[in-house]
Amino acid sequence: MDGSRGPLHASSRPLYVAGPCSAESEQQVLATARALAGLEVGIFRAGLWKPRTHPGGFEGVGAEGLPWLVRVKEETGLKVCTEVASAAHVEACLRAGLDLVWIGARTTANPFQVQEIADALSGTRLPVLVKNPLSPDVGLWAGALERLSRAGIQQIGLIHRGFSAPSPGPYRNAPGWALAIEMRTRFPQLPFLTDPSHLGGDRRVVRELSQRALDLGFDGLMLECHCCPEKALSDAAQQLSPEELKQLLEHLTVRQGHSEDEAFQRGMEAFRARIDDIDEDLLRLLKERMDVSRSIGAYKKKHNVAIVQAGRWEQLLSGMLEQAAAMGLSEATVRTIMTAIHEESVRVQEPDEER
Ligand code: PEP
Ligand code: MN
């Protein structure tokens, strides 16, 4: 990021990017933008080139919609942005004078396409937001940011929109908050938004996801909003009406990034010291457990018994899950942790274990 006050510049308030999934007509774009102009929305979004899973559906109005976005800017003062997936898209946006572009989830996954976009943006001051790829792959996401950065692009940000998963749980996409937080720690200087619309896939869950993102310290939100959601040509189920968006923004609780208050700082230090102690205990116990596993390995070998005894592991896991439930711990989390510990125990029991 450079020091200039571009549309992504840091502010104490979250950055809200909102607008329809797709630009469908000049009337729809302007009606939505006019309704958003009085809200705390900084940037208007509308997809012109739409990456659709199946051919033959509505694939966006393309460059025809660029003058509509320019009109939004002139009439409402909102900054305007759209999704780009090729050099030709970038050039068209630059000619039209858009304020920002974003790279969609399907494009981030393709290094050739990202490089083409980076080359087309090189030497310009157009800010770009990069959505996570559909697969939960932070390397691919980070690689896209590096390509843009190496092309000399100064204003780069990230958008977390959830990940494809065979069983994503209650939302359209699996949130994978931990992966997003890992990216945040890798790129702490870059603005980081969440897209609760694509994450949730249903307007009824947009509010809870938005609040969660702000609670986790994200810098803002990208939200889909349509003047008439039920008539939307794409992503109808997840778009909010302008009134719903207004209600949402009014009810979100914005947290401070940090507090200078001394008592708060001391309280935090005490909590962190306890966490550090507990983590040390966990490591020590893990080491002890592995030592016992190694002894078991040697003992079984001496008595010519196979390492894995399936019945024993299943019994152990179900006992642990029962205890975990009684303690109010998440069954899925305890299962993941215990499975990892079990795999490591099996590994250290191998006679030629690699260390
Ligand atoms: C969009 O923002 O409309 C879109 C297509 O998003 P994603 O790339 O996250 O699927
Ligand atoms: Mn969409």
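Scroll up to find the structure this text is about.
Residues numbered from 1 in each chain as written. Chains lettered and ligands numbered in written order. Predicted model: local features only at pLDDT ≥ 70, side-chain atom pairs only at ≥ 80, totals over all residues. Heavy atoms only, no water.

Trainee: Residue-level account of the sheet that holds strand S6 (residues 156–160), with values.
Mentor: Read around the barrel, 8 strands follow the order S1-S2-S3-S4-S5-S6-S7-S8 and close on themselves; strand pairing throughout is parallel. On average, each strand axis in the sheet is tilted by 30° relative to the strand beside it, whichever way the strands run. In the sheet, strand S1 (residues 15–19) pairs with strand S8 (residues 220–224) via 5 bridges, with the strands oriented parallel. Bridge pairing in S8 places Tyr 16 opposite Leu 221. Across the face of the sheet, helix H6 (residues 138–150) comes into contact with strand S4 (100–103), strand S5 (128–131), S6 and strand S7 (192–194) while running at roughly 160° to S6. (Pairing = 2+ DSSP bridges. Helix = DSSP H or I, 4+ residues; strand = E, 2+ residues; numbered from the N terminus. Axes fitted to C-alpha atoms, helices over the stretch in contact; angles between N-to-C directions. Contact = heavy atoms within 4.5 Å.)

Trainee: Which residues make up the pattern of salt bridges, and what values do they have?
Mentor: Enumeration according to the criterion identifies 21 salt bridges in this entry. Two residues, Arg 186 and Glu 182, come together in a salt bridge whose shortest N-O distance is 3.4 Å. Here Arg 186 and its partner Glu 182 are both found in helix H7 (residues 177–186), 4 residues apart, which amounts to about one turn of the helix. Residue classification places Glu 182 among the partly exposed positions, given a relative accessible area of 34%. Taken together, the shared-partner salt bridges in this structure form one network comprising Glu 26, Arg 34, Arg 71 and Glu 75. (Salt bridge = Lys/Arg side-chain N within 4 Å of Asp/Glu carboxyl O. Buried < 20%, exposed > 50% of the residue type's maximum accessible area, 1.4 Å probe, protein only.)

Trainee: Please provide a residue-by-residue account of the coordination of the manganese ion (ligand 2), values included.
Mentor: When a metal holds four donors in a tetrahedron, each ideal angle between them is 109.5 degrees; when it holds six in an octahedron, the ideal angles are 90 or 180 degrees. Coordination of the manganese ion (ligand 2) by the protein involves Cys 21 (SG), His 198 (NE2), Glu 224 (OE) and Asp 235 (OD), with metal-donor separations of 2.1 to 2.4 Å. Sequence spacing of the donors to the manganese ion (ligand 2): C-x176-H-x25-E-x10-D. In this pair, His 198 sits in helix H8 (residues 196–200) while Asp 235 sits in the loop between S8 and helix H10 (242–251), placing the two residues 37 residues apart along the sequence. A relative accessible area of 9% means that His 198 is categorised as buried. The partly exposed category is assigned to Asp 235, whose relative accessible area is 21%. (Donors = N, O, S within 2.8 Å, 3.2 Å for Na, K, Ca; no water.)

Trainee: Pulling in residues and values, what's your account of the site of ligand 1?
Mentor: Taken together, Cys 21, Arg 45, Lys 50, Glu 83, Trp 102, Gly 104, Ala 105, Arg 106, Lys 131, Arg 161, His 198 and Glu 224 make up the full set of residues adjacent to ligand 1. Within the backbone of Ala 105, an N or O atom sits 2.8 Å from an oxygen atom of ligand 1. Here Arg 161 contributes a side-chain N or O atom positioned 2.6 Å from an oxygen atom of ligand 1. Protein chains bury 97% of the 300 Å² of accessible surface belonging to ligand 1 in isolation. Looking at the shell around ligand 1, its residues break down into 3 nonpolar, 2 polar and 7 charged. (Near = heavy atom within 4 Å. Polar contact = N/O pair within 3.5 Å; in protein donor to acceptor, adjacent residues only side chain to side chain. Areas by Shrake-Rupley, 256 points an atom, 1.4 Å probe, with all protein chains shown as cover. Nonpolar A, V, L, I, M, F, W, Y, C, P; charged D, E, K, R; others polar.)

Trainee: Kindly report on the packing of H6 against H7, identifying the contributing residues and their values.
Mentor: Remark: H6 packs on H7, axes separated minimally by 10 Å, with the N-to-C direction vectors making an angle of 35°. For the pair H6 and H7, the crossing hand works out as right-handed. For the pair H6 and H7, the contacting residues are Val 138, Trp 141, Ala 142 and Leu 145 in the first and Leu 179, Ala 180, Glu 182, Met 183 and Arg 186 in the second. Among the residues making up the contact of H6 with H7, the classes are represented as 7 nonpolar, no polar and 2 charged. (Left-handed = near helix turned anticlockwise from the far one by under 90°.)

Trainee: Can you explain the pairing of S8? Please cite residues and give values.
Mentor: Here S8 lies mainly inside the structure; 5 of its 5 residues are buried. Covered by surrounding structure in S8 are Gly 220, Met 222 and Glu 224 together with Leu 221 and Leu 223, the residues of both alternating faces.

Trainee: Lay out the pairing of S6 in plain terms, naming residues and giving numbers.
Mentor: Side-chain direction in a regular strand flips from residue to residue, so the side chains alternate between the two faces of the sheet. Counted residue by residue, S6 has 5 buried out of 5 residues, so it is predominantly covered. Going residue by residue along S6, you find Ile 156, Leu 158 and His 160 tucked away on one face and Gly 157 and Ile 159 tucked away on the opposite face as well. Examined bridge by bridge, S5 and S6 share 4 bridges and lie parallel to one another. Note that in S6 the partner of Lys 131 across the bridge is Ile 159. As for the winding sense of the linkage, the β-α-β connection from S5 through H6 to S6 is right-handed. Traced from S6 through H7 to S7, the parallel crossover comes out right-handed. (Right-handed = clockwise from strand over helix to strand, strands pointing away.)

Trainee: An account of the packing of helix H9 (residues 206–215) against H10 is needed here, citing residue identities and associated values.
Mentor: Interhelical geometry of H9 versus H10 gives an angle of 35° and a closest axis separation of 11 Å. Of the two possible hands of crossing, H9 and H10 adopt the one that is right-handed. In this structure, H9 uses Val 206, Arg 207, Ser 210 and Gln 211 to contact H10, whose residues at the interface are Gln 247, Leu 248 and His 251. For the contact of H9 with H10, the residue count by class is 2 nonpolar, 4 polar and 1 charged.

Trainee: Could you give an account of the nonpolar core, naming the residues involved and the relevant values?
Mentor: Counting 69 residues, the largest nonpolar core has Phe 44, Leu 148, Met 183 and Leu 245 as the members making the most contacts within it. Looking at this core element by element, the count peaks at 6 residues for H6. Residue contacts for Leu 245: discarding those within four places in its chain leaves Ala 18, Leu 36, Leu 39, Val 41, Leu 223, Cys 225 and Leu 240. Counting 11 residues, the second largest nonpolar core, distinct from the first, contains Leu 100, Trp 102, Leu 193 and Met 222. (Core = buried A, V, L, I, M, F, W, Y, C linked by side-chain atoms within 4.5 Å.)

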